[in-house]
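An overview of the molecular structure
Here is how the chains run, residue by residue.
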Amino acid sequence: GAVVSQHPSRVICKSGTSVKIECRSLDFQATTMFWYRQFPKQSLMLMATSNEGSKATYEQGVEKDKFLINHASLTLSTLTVTSAHPEDSSFYICSAPSKGGTAEAFFGQGTRLTVV
Amino acid sequence: AQSVAQPEDQVNVAEGNPLTVKCTYSVSGNPYLFWYVQYPNRGLQFLLKYITGDNLVKGSYGFEAEFNKSQTSFHLKKPSALVSDSALYFCAVRDMGKAAGNKLTFGGGTRVLVKP
């Protein structure tokens with residue numbers, strides 16, 4: 001089946017630095033990808049929709065200058081957390097929908113970001 | 001707007017006993033319903049979906065779910081739980097109305113603990 005690969009799985013960075021997370025669709029093309037944030041013991045919160053060839057669409061309350069999204073190709077979307085702070089520490093998950101609204105979405109393995 | 005409710009934060013069950021995880025939804029159009037499972041520090045794995053047709057849907061790992069339109073519910077069930085079923089379970093809905101697009105809305109998640 002279709003696979004979405006997310007990298008890195010874990011990252012620790014210092015406050016003030018930036019971190020890039022990659023999300024790749026391995027055997028299918030994804031014109032759209034979704035980025036979620038998950039706090040401990042909580043549900044997934046949609047942060048933004050990444051669109052290939054155009055600007056990402058951010059959900060209300062998500063800072064677009066803080067969370068930079070680039071959908072460089074039909075198989076790659078990246079999320080960059082800029083000037084990271086400890087409160088940005090979280091689990092970030094990407095997903096890509098299969099073609100057609102009836103199909104399930106495929107999720108990456110997630111990235112555990114810890115900002116120290 | 002679409003929403004999903006999982007009324008139980010945690011479900012405890014003895015191994016070999018039936019397992020039920022509850023989910024109710026609210027959408028403006030026809031719902032596409034999904035169940036996903038998440039193991040610690042991992043992304044979400046697809047279990048099953050309801051699109052149309054038979055209200056009883058069978059999925060991976062012996063799980064099934066029943067779509068009940070009148071009660072707007074989509075409860076997940078497994079006749080005989082295994083210790084390895086212990087995980088976090090998410091119900092999700094995709095509203096097929098045009099305004100909703102391809103976005104999934106997730107419930108808050110239910111932690112399942114299966115005791116030997």
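Read on for a plain summary of the structure. Computed from a predicted model, the values in this text were never measured in an experiment.

**Focus: the environment of Phe106 of chain A**
Relative to the assigned elements, Phe106 of chain A resides in strand β10 (residues 105-107). Of the residues examined, Phe106 of chain A reaches a relative accessible area of 17% and is grouped as buried.

**Quick look at the interface of chain B and chain A**
Each partner contributes to the interface: chain B provides 22 residues, whereas chain A provides 24 residues. Carbon and sulfur atoms make up 54% of the surface buried where chain B meets chain A, a total of about 1800 Å² over both sides. Linking chain B to chain A there are one salt bridge. Residue Lys49 of chain B is joined to Glu104 of chain A by a salt bridge in which the shortest nitrogen-to-oxygen separation is 3.1 Å. Our enumeration of links across chain B and chain A arrives at six residue pairs in polar contact (both at pLDDT 80 or more). Going through the elements one at a time, β5 (31-38), β6 (44-50) and β10 (87-95) of chain B are the ones with two or more residues in the side of chain B that touches chain A. Looking at the side of chain B that touches chain A, the element that brings in the most residues is β5 of chain B, giving four residues.

**Topic: the pairing of strand β9 (residues 73-78) of chain B**
All names here are of chain B. As paired strands, strand β3 (residues 19-21) and β9 are joined by three bridges and run antiparallel to one another. Bridge pairing links Val21 to Leu76 in β9. Direction of pairing for strand β8 (residues 64-68) relative to β9: antiparallel, over a ladder of five bridges. The residue of β9 that forms the bridge with Phe67 is Phe74. The antiparallel hairpin formed by β8 and β9 contains four residues in its connecting segment, where Thr72 sits at a positive phi of about 45°.

**Observations regarding the environment of Asp27 of chain A**
Residues and elements named next belong to chain A. One can find Asp27 in the loop between β3 (19-25) and β4 (32-38). Along the backbone, Asp27 and Thr75 are 48 residues apart, and their C-alpha atoms lie at a distance of 8.5 Å. Reaching out from Asp27, the side chain makes a polar contact with the backbone nitrogen of Val3 at a distance of 3.4 Å.

**Some thoughts on the nonpolar core**
Ranked by internal contacts, the top residues of the largest apolar core, which has 27 residues, are Leu19, Trp35, Leu47, Leu48, Phe74, Leu76 and Tyr89 of chain B. Secondary-structure elements contributing two or more residues to this core are β2 (10-14), β3, β5, β6, β8, β9, β10 and β12 (110-115) of chain B. The leading source of residues in this core is β10 of chain B, at four residues. Setting aside residues up to four positions removed in sequence, Leu76 of chain B forms contacts with Leu19, Thr20, Val21, Trp35, Leu47, Leu48, Phe63, Glu64, Ala65 and Tyr89 of chain B. Core analysis: the second largest hydrophobic core is formed by 25 residues, Ile21, Trp35, Ala84 and Phe106 of chain A among them.

What counts and what doesn't
- Residues numbered from 1 in each chain as written.
- Chains lettered and ligands numbered in written order.
- Predicted model: local features only at pLDDT ≥ 70, side-chain atom pairs only at ≥ 80, totals over all residues.
- Heavy atoms only, no water.
- Helix = DSSP H or I, 4+ residues; strand = E, 2+ residues; numbered from the N terminus.
- Buried < 20%, exposed > 50% of the residue type's maximum accessible area, 1.4 Å probe, protein only.
- Contact = heavy atoms within 4.5 Å.
- Buried area = accessible area lost by both parts, 1.4 Å probe.
- Salt bridge = Lys/Arg side-chain N within 4 Å of Asp/Glu carboxyl O.
- Polar contact = N/O pair within 3.5 Å; in protein donor to acceptor, adjacent residues only side chain to side chain.
- Pairing = 2+ DSSP bridges.
- Core = buried A, V, L, I, M, F, W, Y, C linked by side-chain atoms within 4.5 Å.

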